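Geometric and topological summary
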Amino acid sequence: MSDTSKGQPAAMVPLSTKPAKTRPVRTPGAKTACIRTFGCQMNVHDSDRIRRMVLDAGYAEVPSYEEADLVILNTCYVRENAVDRVRGHLGELTRLRREGRVKKVALTGCIGAAQESTELQRQYGIDLVLGTHNTYELAEFVGLPTMEETYTPDLPGTQGDNSAFVTIMTGCNYQCSYCIVPTVRGRMVCRPVESILEEVERLVRNGTSYITLLGQTVDAWRENGLKFCDLLERVAEIAPRIWFTTSHPSNMEDRTLRLIGEKETIVKRLHLPVQSGSDRMLRIMHRGYKAERYRRKIEVFRDAAPDGTLSTDIIVGHPGETEEDHEETLKLVEDCSFDSAYVFKFSPRKGTEAAGIPGRVPEDVVQRRFLQVLRKIEQNAFTRNRRRIGVHEDIYIRHGQRPDGVAIGETWNGHAVHVRTGAPEGHYVTAEITSAGPHVLYARDPKT
Ligand code: SF4
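Starting from 1, residues in each chain are numbered consecutively following that chain's sequence as written. Side-chain atom pairs in this predicted model are given and counted only at pLDDT of 80 or more, local residue features only at pLDDT of at least 70, and totals for whole chains, interfaces and linings cover all residues.

Looking at the overall build of the chain
- Tallying secondary structure elements over the chain gives 12 helices and 20 strands in all.
- Counting only residues that meet the buried cut, the chain has 47% of its 448 residues in that class.
- Considering only contacts in the chain between residues 6 or more positions apart, those separated by 24 or more positions represent 74%. Secondary structure elements are taken from DSSP: a helix is a run of H or I of four residues or more, a strand is a run of E of two residues or more, and numbering for both begins at the N terminus. Backbone-placed C-beta atoms define the burial measure: a residue is buried with 20 or more other C-beta atoms within 10 Å of its own, exposed with 12 or fewer, and partly exposed in between. By the convention adopted here, residues make contact when the C-beta atoms placed from their backbones lie within 7 Å.

So this is what it looks like as structure tokens:
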């Protein structure tokens, strides 16, 4: 998908690939299905659509391959080793099939849309291969009537009953040198505004309190003269809490940044991938903006939401990156004072322009640059986070109490907070921040 999907984040928590928490009770003799999700939030969202089809077809979802009649691998193609990783799973599934356990295997998602899928299907005898554009064909495979593609099957919340992703656009019209997304997800398609609002209204009516608008370049959304900012404003009138990801600096309007600060239902957290602080590298990467323009956007955001959080994506070691380019990136990191970042070491993806660009940066140099960027970001984040100590925050509980008694919440400024509370997910507690690390704040036990 977006700029966040090039690999494992180095400084933020990766998305879970575990099955959904809420599963129907399994009745004896029922058909069973196991869904494995790899990669980005778009894939997590697609897996929810897949889950809905599978459950509608009478399957019970199970957590392990051993218990499953049907296994669906919803795959990601963004990392160079992505196919190898999926091969590992397919090898295990072949063994389970030989033992008579797993009966059918389907491969969906970005690898399904890539050339390698033909070879994988032949080698591992995969029963069904679907790309990102025709996931709906799974319906027929699991025994449902043939479906037309829709953006929004009637989804339960993606992360739990209280929060949900709402896809507003798919695909991408950019051609970043290192990215396979435009090849596997296609060009941008924007979902009609009325359809988005209807879904948000329905989710909120049914108790969803946190909506995340989702798209490869979410802020590129537009329809009949309306732009992303107009949509965001309308959704923010309906949803009690709202966020969006992932944005592209070239699409990000100043009025959107100001709206984040103004509208109390919008979480004051901006993820705006920059990738490099060097204009030369930004040009080679085809990012479509210069570092100065990016800095200016950040100024507008900091002005609109001074305590808000800012995160980014940075690639180190893109072919052709010199020491001067790297210094420019460090300078930009310093200037923007990010609260967190996904820092990626460049890894060439077959089918991308960058894979053929000469000037490969030696691995030890990439590693050094990676650590330098990471350290700078952590130092900045630590300094900024410490400023929150002593502040009383309204904390939205995202993940309920763990066995150690701690729940994970989020402030209106988008900070992650550890707080000792039994408050259920989707509820708020108010607590004082007592300490801070580079990635998370810690709160005093809230008064009950
Ligand atoms: S091509 Fe560029 S803008 Fe589009 S998804 Fe890839 S990294 Fe993001």
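Looking at the site of the ligand
- Residues are classed as near a molecule or strand if the C-beta position derived from their backbone is within 6 Å of it. With respect to spatial proximity, 12 residues lie near the ligand, and among them Cys172, Tyr174, Cys176, Cys179 and Val181 are the closest.
- A class-by-class count of the residues in the shell around the ligand yields 6 nonpolar, 5 polar and 1 charged. Residue classes follow a fixed rule: Ala, Val, Leu, Ile, Met, Phe, Trp, Tyr, Cys and Pro count as nonpolar, while Asp, Glu, Lys and Arg count as charged, and any other residue, Gly among them, counts as polar.

Re the packing of helix 6 (residues 193-205) against helix 7 (residues 228-238)
- Lines fitted to C-alpha atoms define the axes here, with helix axes fitted over just the stretch in contact, and angles between the N-to-C directions of these axes take values from 0 to 180 degrees. In contact at an axis separation of 10 Å, helix 6 and helix 7 are set at 20° when each is read in the N-to-C sense. With respect to helix 7, the axis of helix 6 lies roughly parallel. Handedness of the helix 6/helix 7 crossing: right-handed. Every residue of helix 7 that contacts helix 6 at Val193, Ile196, Leu197, Val200, Glu201 and Val204 is listed here: Leu231, Arg234, Val235 and Ile238.
- Classifying every residue of the contact of helix 6 with helix 7 gives 8 nonpolar, no polar and 2 charged. Angle categories: roughly parallel below 35 degrees, roughly antiparallel above 145, roughly perpendicular from 65 to 115, and oblique for all the rest. Handedness of a crossing follows from how the near helix is turned relative to the far one, being left-handed for an anticlockwise turn of less than a right angle and right-handed for a clockwise one.

Comments concerning the nonpolar core
- When buried Ala, Val, Leu, Ile, Met, Phe, Trp, Tyr and Cys residues are joined through C-beta atoms within 7 Å, the set is termed a nonpolar core. Membership of the largest hydrophobic core comes to 119 residues, with the highest contact counts inside it found for Val71, Val166, Ile168, Ile211 and Val235.
- If we ignore the near neighbours within four places in the chain, the residues touching Val166 are Ile196, Glu199, Val200, Ile211, Leu213 and Leu214.

Digging into unusual backbone geometry
- Cis geometry marks the peptide bond from Thr245 to Thr246, where omega comes out at 0°.
- Tracing the backbone through its elements, the reader meets Thr246 in the loop between strand 12 (242-245) and helix 8 (254-262).
- One non-glycine residue, Gln275, adopts positive backbone phi at about 75°.
- Here Gln275 lies in the loop between strand 13 (269-271) and helix 9 (279-284).
- Given 26 C-beta atoms within 10 Å, Gln275 falls into the buried group.
- Of note, the phi angle at Ser337 is positive, near 50°, even though the residue is not glycine.
- Structurally, Ser337 can be placed in the loop between helix 11 (323-336) and strand 15 (340-345).

Concerning the packing of helix 10 (residues 291-304) against helix 11
- The N-to-C vectors of helix 10 and helix 11 enclose an angle of 15°; their axes lie 10 Å apart at closest approach. With respect to each other, helix 10 and helix 11 are oriented roughly parallel. For helix 10 against helix 11, the interelement crossing comes out right-handed. For the pair helix 10 and helix 11, contact is made by Ala291, Arg295 and Ile298 and by Glu328, Leu332, Asp335 and Cys336, respectively.
- Class assignment for the residues of the contact of helix 10 with helix 11 results in 4 nonpolar, no polar and 3 charged.

So, the sheet that holds strand 15
- For two strands to be treated as a pair, DSSP must find no fewer than two bridges joining them. Strand order in the open sheet formed by 3 strands is 13-14-15, and the pairing between neighbours is parallel. Taken across any chain shown, the strands that pair with only one partner, and hence form the sheet edges, are strand 13 and strand 15. This sheet shows a mean twist of 10° between the axes of neighbouring strands, independent of strand direction.
- Pairing between strand 14 (residues 309-316) and strand 15: 6 bridges, direction parallel. Bridging across to strand 15, Ser311 finds its partner in Ser340.
- Against the sheet, helix 12 (residues 363-386) touches strand 14 and strand 15, its axis set at about 180° to strand 15.

Describing the pairing of strand 12
- Going residue by residue along strand 12, you find Ile242 and Phe244 tucked away on one face and Trp243 and Thr245 tucked away on the opposite face as well.
- Relative to strand 12, strand 9 (residues 210-214) is paired through 4 bridges, and the arrangement is parallel. Counterpart to Leu213 in the pairing with strand 12 is Phe244.

Notes on the pairing of strand 9
- The buried fraction of strand 9 amounts to 5 of the 5 residues, a majority that puts the element mostly inside the structure.
- Here strand 9 shows two buried faces, one formed by Tyr210, Thr212 and Leu214 and the other by Ile211 and Leu213.
- Sheet analysis places strand 6 (residues 163-167) next to strand 9, joined by 5 bridges and oriented parallel. Bridge pairing in strand 9 links Phe165 to Thr212.

Considerations on the sheet that holds strand 17 (residues 406-410)
- Reading around the circumference, 16-17-18-20-19 is the order of the 5 strands in this closed barrel, with mixed pairing throughout. Across this sheet, the average inter-strand angle for adjacent strands is 55°, counted without regard to direction.
- Here 5 bridges tie strand 16 (residues 392-399) to strand 19 (residues 428-436), and the two strands are oriented antiparallel to one another. Each bridged residue has a counterpart across the sheet, and for Ile395 the counterpart in strand 19 is Val429.

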